[in-house]
Amino acid sequence: MAFITANWNPLGEAFYRKTELYEMCWNLRDGLRDSLVAAAPYGGPIALLREPLRRSPSSRPQLEIYSASGVGIASFPWKSGPVVQLGWTVSDELLCIQEDGSVLIYDLFGSFKRHFSMGQEVVQTQVLEAKVFHSPYGTGVAIVTGSSRFTLATNIDDLKLRRLPEVPGLQGKPSCWVVLTQDRQTKVLLSNGLDLYIVDNTSCTAVVPPGLSPQAGSVVHMSVSFSYKYLALFTDSGHLWTGTSNLQEKLSEVDTKKTTTPRQMVWCRRPKSQQPSVVLMWDRLLLVAGVCNDTIQFPLEDPCVLIGELDGVRIISSTNQELLQEVPLVCQDIFKIASMAPGALLLEAHREYEKLSQKADEYLREIKEQSMLGEAVKQCVEAAGHEYDTNTQKSLMRAASFGKCFLTDFSPDQFVSTCRELRVLNSVRESSVGLPLTHAQFKQMTVQVLIDRLVYRQFYPLAIEICRYLKIPDYQGVSRVLKHWASCKVQQKDLSDEAIARAVCVKVGDSPGVSYSDIAARAYECGRTELAIKLLDFEARSGEQVPLLLKMKRSQLALSKAVESGDTDLVYTVVSYLKNEMNRGDFFMTLRNQPVALSLYRQFCKLQEQETLKDLYNQDDDHQELANYYVTASYKEKRLESRLSLLQSAVDEYNKAKNEFAAKATEDEMRLLRFQRKLDDEKGAGLLGLSLQTTQVRSDAVSIMWAEPEHFQATMEALLALGLHKQAEQLYRDFRVPDKRYWWLKLKSLAEKEEWEELEKFSKSKKSPIGYLAFVEVCMKCNNKYEAKKYVSKVTPEQKVKAHLAVSDLEGAADAAIERRNEAEMGAVLSRCSASDRLVIDRLNRARAGAAKK
Amino acid sequence: MAAHLSYGRVNLNILREAARKELREFLDKCAGSKAIVWDEYLTGPFGLIAQYSLLKEHEVEKMFTLKSGRLPSADVKNIIFFVRPRLELMDIIAENVFRCHHSSRDFHILFVPRRSMLCEQRLKEQGVLGSFINIDEYILDLIPYDGDLLSMEYESAFRECYLENDQTSLYHTAKGLMTLQALYGTIPQIYGKGDCARHVANMMLRMKREFAGTQNQILPVFDTLLLLDRNVDLLTPLATQLTYEGLIDEIYGINNGYVKLPPEKFAQKKQGEASKDLPTEPKKLQLNSAEELYAEIRDKNFNAVGAALSKKAKIISAAFEERHNAKTVGEIKQFVSQLPHMQAARSSLANHTSIAELIKDITTSEAFFDNLTVEQEFMTGVDTDKVNTYIEDCIAQKDPLIKILRLVCMQSVCNNGLKQKVLDYYKREILQTYGYEHILTLNNLEKGGLLKPQTSSRNNYPTIRKTLKLWMEDANEQNPNDISYVYSGYAPLSIRLTQVLARPGWRSIEEVLKMLPGPHFEERQQLPSGLHKKRQQGENRTTLVFFLGGVTYAEIAALRFLSQMEDSGMEYIIATTKLVNGTTWIKSLMDRIPPSCF
């Protein structure tokens with residue numbers, strides 16, 4: 001495979017090679033001459049503006065956008081002002097910087113996105129030169145104006161213009177300048193005559209590159225490396241100085257013997273570079289000047305453009321595109337003539353093996369003797385990654401695979417991932433796609449960004465294939481692609497809403513992580529509201545649908561979606577939005593169709609807007625709730641009259657609700673209130689001395705009554721306590737109080753007042769509906785054993801024992817229990833006996849024994 | 001500190017740790033010294049997640065209770081409000097912020113369990129929204145209570161769902177279950193009974209779709225989720241619980257794992273010192289399975305607790321006697337090393353003996369016995385269609401209203417509604433005796449289905465009782481062989497449903513399921529391939545039973561009993577919106593009218 005090294009050129013210890021990437025697909029009539037050309041790194045697109053400064057309105061220049069392989073993407077006549085500079089942002093947007101300081105932004109397909117200005121004063125002074133640069137903050141623009149002032153914007157997406165301080169003695173534009181980013185600061189390095197200055201936000205400092213020969217002359221061209229770490233200066237005497245961009249260290253100084261200023265000068269390095277170099281381009285010559293002072297010269301036939309990459313320089317001419325790079329060390333090891341590196345031997349071994357030659361074994365043995373087989377495999381795999389030619393890739397991978405067979409525990413990860421990545425890289429390098437990425441660039445940009453770029457270029461099927469092939473989780477992979485596809489699809493004007501919605505649904509389906517609401521939002525932005533609504537229907541997350549629906553003024557739909565989500569806060573949000581948007585009638589009608597929202601709104605009103613609550617019930621003819629509302633309201637009312645009238649409203653509503661019981665009960669309540677008032681009026685002045693309004697100082701019994709005016713029982717108790725038996729009797733009849741309860745009431749009241757005679761009379765008034773045990777117990781509670789005993793005899797036989805026990809009459813209890821031959825009762829009596837009750841205990845035990853015999 | 005959470009089949013400490021981590025992260029977001037202003041309701045639940053020491057480690061120097069007016073002074077940089085998303089609380093916060101004149105103060109809000117646009121809107125209207133540096137949410141849905149118990153501590157869930165048609169609690173439930181699944185894997189099978197259960201399941205499935213793509217790669221810990229509406233079984237919480245823990249809750253109330261007890265029985269009897277001043281502060285005890293003895297007796301029928309305690313007493317004193325046998329230095333050393341554990345056991349025994357005595361005083365009273373007799377009559381279907389004399393007497397004697405309501409509701413539930421005449425009689429008696437304002441409470445109970453007029457002539461409760469064997473005549477309280485021991489005869493309907501689901505399956509009781517309110521359903525959630533469990537021979541399955549609207553300690557006891565049964569093949573983890581008993585449950589349904597101004 002000697003031919004692999006055919007295009008290798010030694011430079012110092014290292015080699016440089018030029019590999020053809022593409023024959024350009026474009027057909028440029030006038031080549032690249034007289035054109036503004038901007039090509040983005042990482043195999044980005046190329047923009048071309050012919051004769052940008054031609055000002056005649058009759059013939060407008062044409063702005064053309066191509067893929068890196070020269071496939072036309074867009075082309076349109078430039079109707080705006082004269083353009084000074086073209087440049088690409090990190091997200092593949094084209095910046096066109098005009099003479100008047102305005103910057104127009106176009107997407108990859110040539111559609112205008114937006115514009116911004118580099119400052120009002122520039123309209124007068126004009127932009128002399130401009131540069132687009134990339135910093136950690138994004139894409140920036142720097143200009144130098146006719147008044148010799150620099151203005152910077154470090155991130156065009158978050159535009160903050162910074163006007164740099166004046167440079168002493170600068171007239172017009174400097175002879176050359178670059179933008180540096182160091183320590184998170186963006187500065188400009190410029191050359192004016194013999195002087196070099198660094199201008200930052202606050203100051204302008206004269207600098208001298210360390211070790212620059214005094215006879216070198218003034219700097220006429222400068223270039224900063226891809227990583228902003230290194231700087232190259234070219235002087236009018238042909239000296240090329242290289243060093244670090246902070247001007248602390250010198251790397252080399254080469255005398256190129258060229259006194260004309262090069263057209264372009266670009267750093268050519270790679271990560272772990274052995275021999276970095278600077279590539280200088282003149283009309284007919286390309287010169288690679290290594291830091292080691294060696295140079296390589298390539299003749300040029302055609303005007304070219306150089307694009308600095310992370311690991312090399314791309315050279316675009318009107319006919320083809322080449323990659324100039326330092327040959328990676330591992331490739332040198334393998335392919336260098338007569339190399340004895342393990343990888344080289346393995347490659348050789350495999351070649352012999354394919355020829356069925358026993359030499360394969362000899363080579364293998366040699367590697368194995370040095371225990372370098374693992375290393376050999378690694379080298380082959382790594383080198384394959386660096387190779388552009390698929391045949392070379394294959395033979396290296398095969399060799400690696402062959403070597404792997406003789407290793408036991410060798411992790412296949414790197415082999416597998418390199419295989420996969422190479423397949424992906426080869427497919428995007430295809431001329432039709434046109435992303436000439438090297439493996440190192442691919443690693444740097446990450447697969448996510450690659451997919452984004454493919455998506456941006458609308459290579460959806462390829463992007464999906466890659467996602468699937470690399471087994472990227474759907475969330476970051478296929479779904480993301482589909483999302484972009486759908487967002488693009490909704491803009492397709494020639495299709496009906498129906499057709500697009502269907503197409504989107506079929507393709508996207510339930511793909512995880514695709515937000516239909518995002519797609520719908522896109523459709524809405526394009527003015528397709530109906531389509532947006534159709535798409536929102538597919539959205540699983542109701543929460544996501546709601547804001548957009550509100551924005552589109554589809555509030556009813558928003559409400560039902562909010563309800564569907566179950567998120568009550570969301571429902572509240574829509575409801576409060578509707579409340580502000582609609583008139584009250586419509587608002588209520590809308591709620592009426594959404595019971596869940598309605599109940600939530602009721603809840604809200606209960607706490608916040610009582611009056612609205614009433615209106616809501618009224619509207620719904622919800623008489624039951626309306627009645628409850630009046631009842632609640634009545635308790636907040638201080639005046640009796642208003643209270644009664646509220647209760648009357650409640651009665652009416654209960655009646656309408658056909659809740660007879662509640663109506664009746666509420667009527668009773670009103671009756672009670674009136675009764676109380678009457679009582680108050682009659683007895684008030686002399687006896688009670690109360691009014692309904694003042695409630696402060698009263699006797700205990702009375703205060704119960706008036707503190708709880710609706711309290712029937714308390715009223716009865718109070719009446720009895722005050723000895724108003726007649727009135728109590730009246731209430732008892734009027735309110736159909738069951739006898740039992742009345743008897744309990746009266747019993748307790750009389751006992752509490754210790755009206756024992758009255759109590760006895762009462763007990764004899766008729767047969768007690770609550771029995772007589774109650775009398776015994778209540779008397780005992782009032783500590784009157786004497787009275788209690790009076791009632792023991794009247795107690796029913798079943799309760800006799802209890803009654804006797806209640807008055808602590810053990811003998812009586814024992815008698816009753818024995819008489820009833822009830823063992824449980826005997827037991828109960830026994831448990832109450834103490835040692836002194838010997839006699840009773842004996843009797844009971846005998847009785848129990850007797851009962852047990854039977 | 002929370003080791004007891006990790007003893008069970010499912011390590012619930014993972015959930016607690018996740019909650020703690022999130023809390024720490026939030027606290028660290030507010031750099032510098034802090035004071036926390038608490039929505040009082042949250043302090044209990046938070047206590048189960050983090051003690052003060054954790055807050056202190058993160059520079060929390062002061063804690064206040066949220067109340068209107070001016071904030072107490074505190075020399076701190078940050079003021080953090082921990083609040084539920086409620087409008088009335090926003091007004092208080094606004095007042096607090098407005099009246100704070102320290103300009104250097106940083107304000108933050110942490111909404112629990114979720115932030116709310118409505119509340120933020122309110123803060124904006126009050127003109128203080130801009131004063132907050134951080135507005136965040138602390139997603140605390142399911143709080144680990146014990147090794148097998150999770151609660152949302154959402155008191156008003158039942159009321160909101162059934163009376164107010166407000167399903168906020170169900171949304172939180174679904175979210176909580178999603179969090180749980182994120183930590184413990186997708187639950188492959190979901191069963192449910194009831195409207196709310198259906199709603200929660202629907203939301204879960206929907207949320208799963210929303211999260212599609214982030215496939216959960218955790219091996220599922222739960223095999224089954226059973227969602228049960230409380231209104232499927234209204235009977236059980238009304239009945240008086242007869243397990244030890246159930247009775248403690250019925251009588252003294254357990255709040256966030258703590259009970260407050262009358263202090264008299266716990267007076268420290270120090271020798272030589274006359275107990276001149278009895279403690280007046282209630283004795284506060286934490287009750288959970290971290291206490292060995294409590295874990296042993298909590299789920300026993302109370303009638304079996306005495307025996308268990310005396311057995312324990314013998315073991316402990318025997319252990320102390322061991323010291324006489326300790327002869328060698330080594331033996332003595334071993335004895336001494338066990339001393340702290342033994343002393344803890346002894347004090348635990350003393351505590352529970354005291355509690356048991358307190359409870360016994362009540363359970364042996366006539367009133368308790370009579371009440372229980374009536375409950376059991378209702379549950380066995382005796383005279384449920386007539387006005388009950390005992391209830392009548394209780395009203396006449398003005399027993400506590402809630403007791404009356406529990407009994408009346410129970411009668412109604414056991415009779416599938418009361419005859420109009422009977423119902424009206426009870427209602428009138430209640431209104432006359434306890435006040436007309438309770439008409440609203442009665443309305444609520446009717447709306448919730450606890451109290452209702454009989455509409456169809458057919459009472460299907462007996463059929464349900466017979467099919468599900470809700471009443472077991474010979475309940476063995478000492479050595480139970482059936483869940484009915486928890487109510488000394490009545491087997492909780494909810495737990496029977498759970499039991500039947502495990503074996504032989506709900507298909508066998510289709511008829512009964514149709515009689516109970518709401519749909520029953522089964523859903524399956526697809527697991528990513530490779531996560532299908534390969535079950536070992538004899539390995540138990542795990543079911544998460546979620547009670548929507550509350551669960552009682554007796555029901556929990558019954559489920560634990562089922563887990564422990566040797567041949568059940570199923571372990572249960574219990575989750576609920578709130579731990580309830582008949583009293584707290586009825587209380588949550590009562591309408592509180594602001595006290596009259598008269």
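Everything here concerns the structure above.
Predicted model only: the values in this text are computed from it and were never measured. (Residues numbered from 1 in each chain as written. Chains lettered and ligands numbered in written order. Predicted model: local features only at pLDDT ≥ 70, side-chain atom pairs only at ≥ 80, totals over all residues. Heavy atoms only, no water.)

Trainee: Sorry, what's going on with the sheet that holds strand β12 (residues 283–286) of chain B here?
Mentor: The pairing of strands in a sheet comes from backbone hydrogen bonds and takes either a parallel or an antiparallel form. All names here are of chain B. Spatially, β10-β11-β12 is the arrangement adopted by the three strands of the open sheet, whose pairing is antiparallel. Lying at the two open borders of the sheet, with one neighbouring strand each, are β10 (254–255) and β12. The pairing of β10 with strand β11 (residues 258–261) spans two bridges and is antiparallel. Among the inter-strand pairings, Ile254 is bridged to a residue of β11, identified as Val259. (Pairing = 2+ DSSP bridges. Helix = DSSP H or I, 4+ residues; strand = E, 2+ residues; numbered from the N terminus.)

Trainee: Can you walk me through the interface of chain B and chain A in this structure?
Mentor: Many descriptions give the size of an interface as the accessible area lost when the pieces come together. Counting residues at the interface gives 49 residues for chain B, matched by 63 residues for chain A. For the pair chain B and chain A, the two sides together bury roughly 5,000 Å², of which 56% comes from carbon and sulfur. Seen at the junction of chain B and chain A, the total is six salt bridges. A salt bridge links A:Lys740 to B:Asp393, with the nearest nitrogen and oxygen atoms 3.9 Å apart. Applying the counting rule to chain B against chain A returns 22 residue pairs in polar contact (both at pLDDT 80 or more). Looking at the side of chain B that touches chain A, the elements with two or more residues in it are α4 (87–98), α5 (117–125), α7 (168–184), α8 (195–210), α15 (389–396), α17 (420–434) and α18 (439–447) of chain B. For the side of chain B that touches chain A, the element with the highest residue contribution is α17(B), accounting for nine residues. Within the side of chain B that touches chain A, the residues separate by chemical class into 18 nonpolar, 13 polar and 18 charged. (Contact = heavy atoms within 4.5 Å. Buried area = accessible area lost by both parts, 1.4 Å probe. Salt bridge = Lys/Arg side-chain N within 4 Å of Asp/Glu carboxyl O. Polar contact = N/O pair within 3.5 Å; in protein donor to acceptor, adjacent residues only side chain to side chain. Nonpolar A, V, L, I, M, F, W, Y, C, P; charged D, E, K, R; others polar.)

Trainee: Explain the environment of B:Leu544 here, please?
Mentor: All names here are of chain B. Mapped onto the secondary structure, Leu544 falls in strand β14 (residues 541–548). The class for Leu544 is buried, based on a relative accessible area of 0%. Remark: the alpha-carbon pair of Leu544 and Val221, spanning 323 residues in sequence, is separated by 9.9 Å. Leave out the neighbours within four places in its chain, and Leu544 touches Leu177, Leu180, Ile187, Phe222, Thr224, Leu225, Leu226, Ile573, Ile574 and Ala575. (Buried < 20%, exposed > 50% of the residue type's maximum accessible area, 1.4 Å probe, protein only.)

Trainee: Help me out: how do you make sense of the packing of aromatic side chains in this one?
Mentor: In this description, a pair of aromatic rings is defined by centroid distance and the angle of the planes. Residues and elements named next belong to chain A. Under the counting rule described, the total for this entry stands at 39 aromatic pairs over all chains. On the basis of an interplanar angle of 45° and a centroid distance of 5.4 Å, the ring pair of Trp8 and Phe15 is categorised as tilted. Between Phe402 and Phe406, the ring centres sit 5.3 Å apart and the planes meet at 80°, which makes this aromatic pair edge-to-face. Judged by its relative accessible area of 37%, Phe406 is partly exposed. Among the aromatic residues, those joined into a cluster by ring pairs are Trp743, Phe762, Tyr772, Phe775 and Tyr791. For the cation-ring pair, Lys258 lies above Trp282, with the distance from its terminal atom to the ring centre recorded as 5.8 Å. Taking the ring centre of Phe415 as reference, the NZ or CZ of Lys404 above it sits at 4.9 Å. (Phe/Tyr/Trp six-rings, centres within 6.5 Å; stacked < 30°, edge-to-face > 60°. Lys NZ or Arg CZ within 6 Å of the ring centre and 35° of its normal.)

Trainee: Honestly, the sheet that holds strand β3 (residues 35–39) of chain A in this entry has me stumped. Any pointers?
Mentor: Residue and element names in this part refer to chain A. Read from one edge to the other, the open sheet built from four strands follows the order β3-β4-β5-β6, with strand pairing classed as antiparallel. Looking along the sheet, the strands with just one partner apiece sit at the ends: β3 and β6 (72–77). Neighbouring strand axes in the sheet, compared pairwise and without regard to direction, differ in orientation by 10° on average. By the bridge criterion, four bridges tie strand β4 (residues 46–50) to strand β5 (residues 62–66) in an arrangement that is antiparallel. Across the sheet, Ile46 pairs through a bridge with Tyr66, a residue of β5. (Axes fitted to C-alpha atoms, helices over the stretch in contact; angles between N-to-C directions.)

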